[in-house]
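# Tertiary structure, described
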Amino acid sequence: MSKMVKGFSRFTKEEKISWLADNFFQDKEKGKATLHQYLNDDKDLQQLHDEFIENTISNFYVPYAIAPNFIINGKPYAIPMAIEESSVVAAASLTAKFWGERGGFKAEVLSTVKIGQVHFTYSGSKDDLERYFSGVKDELIRATDEITANMRKRGGGILDIELRDRTADLLDYYQLHVRFETGDSMGANFINSCLEAIAHSFKKEGIFIVMSILSNYVPECLVKAEVSCKIESFFPEDPELYARKFIQAVQIAEVEPFRAVTHNKGIMNGIDAVILATGNDFRAVAAGAHAYASKDGRYRSLTHAKIEGGYFKFWIELPLSLGTVGGLTRLHPLAKLSMEILQNPTAKELMQIVAVAGLAQNFAALRALTTTGIQQGHMKMHLMNILNQMEANLHEKELICKEFKGKTISHSAVAECLHKIRTGH
Ligand code: MEV
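Below is a short write-up of the structure. Since the structure is predicted, the reported quantities are computational estimates derived from the model, not experimental observations.

### Describing empty space enclosed by the protein
Here the structure, examined in full by the defined rule, presents one cavity of 30 Å³ or more. Within this model, the largest cavity holds a volume of roughly 50 Å³. What lines the largest cavity is Asn216, Val218, Ala284, Val285, Gly288, Ala289, Pro319, Leu320 and Ser321. A per-element tally of the lining of the largest cavity places helix H10 (residues 282-293) first, with four residues. Partitioned by chemical class, the residues of the lining of the largest cavity number six nonpolar, three polar and no charged.

Here it is in structure tokens:
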């Protein structure tokens, strides 16, 4: 037995599982059974999942849920969300209802440009490099003609190529900074293929290509979503006070990075859940969103709020590079179904929906934080997780939920209560 292995990728799935069991599982049979339990009986479906990544041994499920009743630009949506964290979907649903009664969400795509770069070094004269670049620029674009043909038919392609001098930051460092329009696809493969063709064509003596890769920072692929209502319809109890507290909470996240990170994390709860449910790349979106939150040198809130002319206004602006074709969006059966539930949106519409999901999540968090506190809602769901962990049956769950209504929930208190029920003491 060895915890190191050669040729693992060539093992069959069963061989991989056996090797794992022999080397890492405490209870081999139980571990194997768990892996098998999560494999799909539908062989074709399992094969599809196996081929998404390498060395697949099972599937890792995440709950798939719906937050209904969103009104975005006057159109109703039920938003699919894939997420393991309790309260996120409930928060989205409640916020959809709240703003649905106040005119719904408005969203608008501000720009859709994506970026890729060829990073290279050059130690000769800058004038010579600039002359060379101007001379070959058209050729560089022509070098991608075959790759861009289909995209151009759909109105996309390369928008421009710029030579950027970055030698002030790093010795001999230059870039070809390329701007793309990729229509309804996220365009990662398209962009990377174009960049590699450009780099190949750009090569000459003295130019040392370091790498060619898209950027997940897309500050020119921006979407804005907002809500607004008359101040008096904000919270009936004391609208002025709650609106002021809410705005202060946003302002704190605009100046205090410790708060801003948590604030934006809450936004990403909504955003990532929709991105995952639609088969998009949530790591790319998260990296780009957090970079955008730091665009003026300090990490800040992605949302903003103000009172203007008797109206409470709350909005988000962030970069989102998404696709509704290509990648897993049509290949993963649930991602495909998510697209259907969202009425087969264009990439621009999906950007709007995702931005709304982020804004809604932040609204729910700030509303709870500035009124009852966050734990009330969280702990209700957390109680269920604790009870499931303790393998409580339905009857025990009912009794304990009743017992803890309005009380502080802790792991030990729940364990004690369950013990009492089970032992009759
Ligand atoms: C928890 O996942 C997210 C929150 O912490 C967000 C926030 O504090 O704004 C509730």
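Having seen the structure, we can now continue with the description.
### Overview of the sheet that holds strand S9 (residues 303-308)
Pairing within the open sheet is antiparallel, and its four strands lie in the order S3-S8-S10-S9. Whereas interior strands pair on both sides, the edge strands pair on one side only; in this sheet they are strand S3 (106-109) and S9. Ignoring which end each strand starts from, the neighbouring axes of this sheet average 20° apart.

### As for the packing of helix H9 (residues 257-277) against H10
Contact geometry of H9 with H10 gives a least axis separation of 10 Å together with a crossing angle of 150°. On the basis of their axis angle, the class for H9 and H10 is roughly antiparallel. The handedness of the crossing between H9 and H10 comes out as right-handed. Counted together, Asn264, Met268, Ile271, Asp272, Ile275 and Leu276 of H9 and Phe282, Val285, Ala286, Ala289, His290 and Ala293 of H10 form the full contact between these two elements. Taken together, the residues that form the contact of H9 with H10 break down as nine nonpolar, two polar and one charged.

### Here's the deal with the site of the ligand
Glu85, Arg259, Thr262, His263, Lys265, Gly266, Asn269, Ala365, Leu369 and Ile374 make up every residue found near the ligand. Glu85 is positioned such that a nitrogen or oxygen atom in its side chain is 2.5 Å from an oxygen atom of the ligand. In the model, an oxygen atom of the ligand is placed 2.9 Å from a nitrogen or oxygen of the Asn269 side chain. Mapped by element, the contributors of at least two residues to the shell around the ligand are H9 and helix H12 (347-369). Element by element, the count of residues in the shell around the ligand is highest for H9, at six residues.

### Points about unusual backbone geometry
At Asn55, a position not held by glycine, the phi torsion is positive, near 55°. Checked against the element boundaries, Asn55 lands in the loop between helix H3 (43-50) and strand S1 (64-72). Overall, Asn55 belongs to the partly exposed group, its relative accessible area being 35%. A positive phi is found at Gln343, a non-glycine position, where the angle reads about 65°. Its place among the elements puts Gln343 in the loop between helix H11 (333-341) and H12. Overall, the relative accessible area of 38% leaves Gln343 in the partly exposed class.

### Brief notes about the environment of Tyr217
Mapped onto the secondary structure, Tyr217 falls in the loop between strand S7 (207-214) and strand S8 (222-230). Here the alpha-carbon distance between Tyr217 and Thr329, two residues 112 residues apart in the chain, equals 21 Å. In this structure, Tyr217 is in contact with Ile115, Gly288, Ala291, Tyr292 and Lys295, ignoring residues within four places of it in sequence.

### Details of the environment of Glu403
For Glu403, the position within the fold is in helix H14 (residues 394-404). Exposure remark for Glu403: the relative accessible area of 40% places this residue in the partly exposed category. In this structure, the C-alpha to C-alpha distance between Glu403 and Val113, residues 290 residues apart in sequence, is 55 Å.

### Focus on the packing of aromatic side chains
The description of an aromatic ring pair rests on the distance of the ring centres and on the angle between the ring planes. A complete count under the given rule lists 24 aromatic pairs for this structure. Aromatic side chains Tyr132 and Phe202 sit 5.3 Å apart centroid to centroid with 40° between the ring planes, which places their arrangement in the tilted category. Note that Tyr132 is positioned in helix H5 (residues 126-142) and Phe202 in helix H7 (residues 188-202), a separation of 70 residues in sequence. Tyr132 gets classed as buried once you look at its relative accessible area, which sits at 18%. With 4.1 Å between their ring centres and 35° between their planes, Phe234 and Phe312 make a pair best called tilted. Residue Phe234 is found in the loop between S8 and helix H8 (239-255), and its partner Phe312 is found in strand S10 (residues 311-319); the two are separated by 78 residues along the sequence.

Reading the values: the criteria
Residues numbered from 1 in each chain as written. Predicted model: local features only at pLDDT ≥ 70, side-chain atom pairs only at ≥ 80, totals over all residues. Heavy atoms only, no water. 1 Å grid on protein atoms, 1.4 Å probe; cavity = no way out; pocket = protein on both sides within 12 Å on 5 of 7 lines; lining within 4 Å. Points joined across faces, edges and corners; volume = space filled by probe spheres on them. Helix = DSSP H or I, 4+ residues; strand = E, 2+ residues; numbered from the N terminus. Nonpolar A, V, L, I, M, F, W, Y, C, P; charged D, E, K, R; others polar. Pairing = 2+ DSSP bridges. Axes fitted to C-alpha atoms, helices over the stretch in contact; angles between N-to-C directions. Parallel < 35°, antiparallel > 145°, perpendicular 65-115°, else oblique. Left-handed = near helix turned anticlockwise from the far one by under 90°. Contact = heavy atoms within 4.5 Å. Near = heavy atom within 4 Å. Polar contact = N/O pair within 3.5 Å; in protein donor to acceptor, adjacent residues only side chain to side chain. Buried < 20%, exposed > 50% of the residue type's maximum accessible area, 1.4 Å probe, protein only. Phe/Tyr/Trp six-rings, centres within 6.5 Å; stacked < 30°, edge-to-face > 60°.

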